[in-house]
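Descriptive structure summary
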Amino acid sequence: MAKLTVYFKYKAIDSYIFENGVIHIGRDETNNIVIDSLAVAPAHAAIVIRDDSCTIKQLNESFPLIINGQRIKECQLNNNDTITIGKHDVVYNTTESVVEANEDSHEVVESVIYGRESFDYDAEHNSHLPAASLQVMNGQNIGKVLTLKKAMTRLGSNGNGVVVITKRKDGYFVSALENIGKLEVNNKPIENSYVKLNNNDMLTINQVSLQFFFS
């Protein structure tokens, strides 16, 4: 099976899970994944999912299809690939790759990272940003450092609370995708907005404390 998550301006707006078959993406309502934007062709792309492979094909030469920043007409999809269609990103994941939290300890076992560097108009402005990381401050992964290399880094597990950290031209921002459980920055709940991260800020995600710092 495959999971496809649609992002617009770094915010997840839809998520789909498909088994084997042909998945159509486009502006027209007959598509399996509908993206309502004039930058998207009525029939933009098709994804063919088989047991051991997943292939994407461009359907309209007037509307580019971009995979991980490269224009393509057809290619094999790999886990965490970012498909850019118009101004939207669609992140492909194999469902087996999603790491869930330990239900007994309520700890983040691994960071779940959705997407490589997104091909977006602000990407060229991110080069001046200092490198940043998160360090786990409690639990079984205490001391572990997660480097924030991607344009979007998703942390947590579905059903227990999920946040996404995004790199933008003016800094690193955290927001809640699934505001369940304890999601805080410096002991303040994460509301339905972006919170800019500063050096040594403390995040709490599903009872796990992580310190944000510039490396």
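A short tour of the structure in this document, coming up. On a predicted model such as this, the values are computed, not experimentally measured, just so you know. (Residues numbered from 1 in each chain as written. Predicted model: local features only at pLDDT ≥ 70, side-chain atom pairs only at ≥ 80, totals over all residues. Heavy atoms only, no water.)

1. A word on the overall build of the chain
- Along the backbone of the chain there are zero helices and 21 strands.
- Counting all 215 residues of the chain, 45% fall into the buried class.
- For the chain, contacts bridging at least 24 residues in sequence account for 44% of all contacts bridging at least 6.
- On the chain, roughly 10,900 Å² of surface is accessible, and the fraction owed to carbon and sulfur atoms is 46%. (Helix = DSSP H or I, 4+ residues; strand = E, 2+ residues; numbered from the N terminus. Buried < 20%, exposed > 50% of the residue type's maximum accessible area, 1.4 Å probe, protein only. Contact = heavy atoms within 4.5 Å. Areas by Shrake-Rupley, 256 points an atom, 1.4 Å probe, with all protein chains shown as cover.)

2. Overview of the sheet that holds strand β21 (residues 208-214)
- Pairing is antiparallel in the open sheet, where six strands are placed in the order β13-β12-β21-β20-β17-β18. Where the open sheet ends on each side, the last strands, each with one partner, are β13 (145-147) and β18 (188-189).
- Relative to β21, strand β20 (residues 202-205) is paired through four bridges, and the arrangement is antiparallel. In the sheet register, Met202 faces β21, and the bridge partner there is Gln211. (Pairing = 2+ DSSP bridges.)

3. With respect to the pairing of β20
- Here three bridges tie strand β17 (residues 183-185) to β20, and the two strands are oriented antiparallel to one another. Residue pairing for β20: Glu184 is matched across the bridge by Thr204.
- Counted along the chain from β20 to the antiparallel partner β21, the turn is two residues long, and its residue Asn206 has a positive phi close to 55 degrees.

4. Observations concerning the nonpolar core
- With 23 residues, the main nonpolar core has Ile33, Ile35, Ile47, Ile56, Leu77 and Ile83 as its most contacted residues.
- Among the elements of the structure, β1 (2-8), β3 (21-26), β5 (45-50), β6 (53-58), β10 (82-85) and β11 (88-94) are those that each provide at least two residues to this core.
- In contact with Leu77, other than residues within four places in its own chain, are Ile47, Cys54, Ile56, Ile67, Ile83 and Tyr92.
- Of all hydrophobic cores here, the second largest spans 21 residues; its members include Val136, Leu148, Val163 and Leu197. (Core = buried A, V, L, I, M, F, W, Y, C linked by side-chain atoms within 4.5 Å.)

5. Quick notes on the state of the cysteines
- Enumeration over the complete set of coordinates arrives at zero disulfides.
- Between Cys75, a cysteine without a disulfide, and Cys54, which holds the nearest cysteine sulfur, the sulfur-to-sulfur distance is 9.2 Å.
- Of the residues examined, Cys75 reaches a relative accessible area of 19% and is grouped as buried. (Disulfide = S-S within 2.5 Å.)

6. Re the packing of aromatic side chains
- Scanning the entire structure with this criterion turns up four aromatic pairs.
- Judged by centre distance (6.0 Å) and plane angle (15 degrees), the ring pair of Tyr16 and Phe18 falls under stacked.
- Overall, the relative accessible area of 14% leaves Phe18 in the buried class.
- Following the ring pairs from residue to residue traces out a cluster consisting of Tyr172, Phe212 and Phe214.
- Over the ring of Phe173 we find Arg168; its NZ or CZ atom is 4.9 Å from the centre of that ring. (Phe/Tyr/Trp six-rings, centres within 6.5 Å; stacked < 30°, edge-to-face > 60°. Lys NZ or Arg CZ within 6 Å of the ring centre and 35° of its normal.)

7. Quick look at the sheet that holds β11
- Taken together, the six strands give an open sheet; going across it, the order is β2-β1-β11-β10-β7-β8, and neighbouring strands pair in antiparallel fashion. Looking at the sheet topology across the chains shown, the edges are occupied by β2 (11-18) and β8 (70-71).

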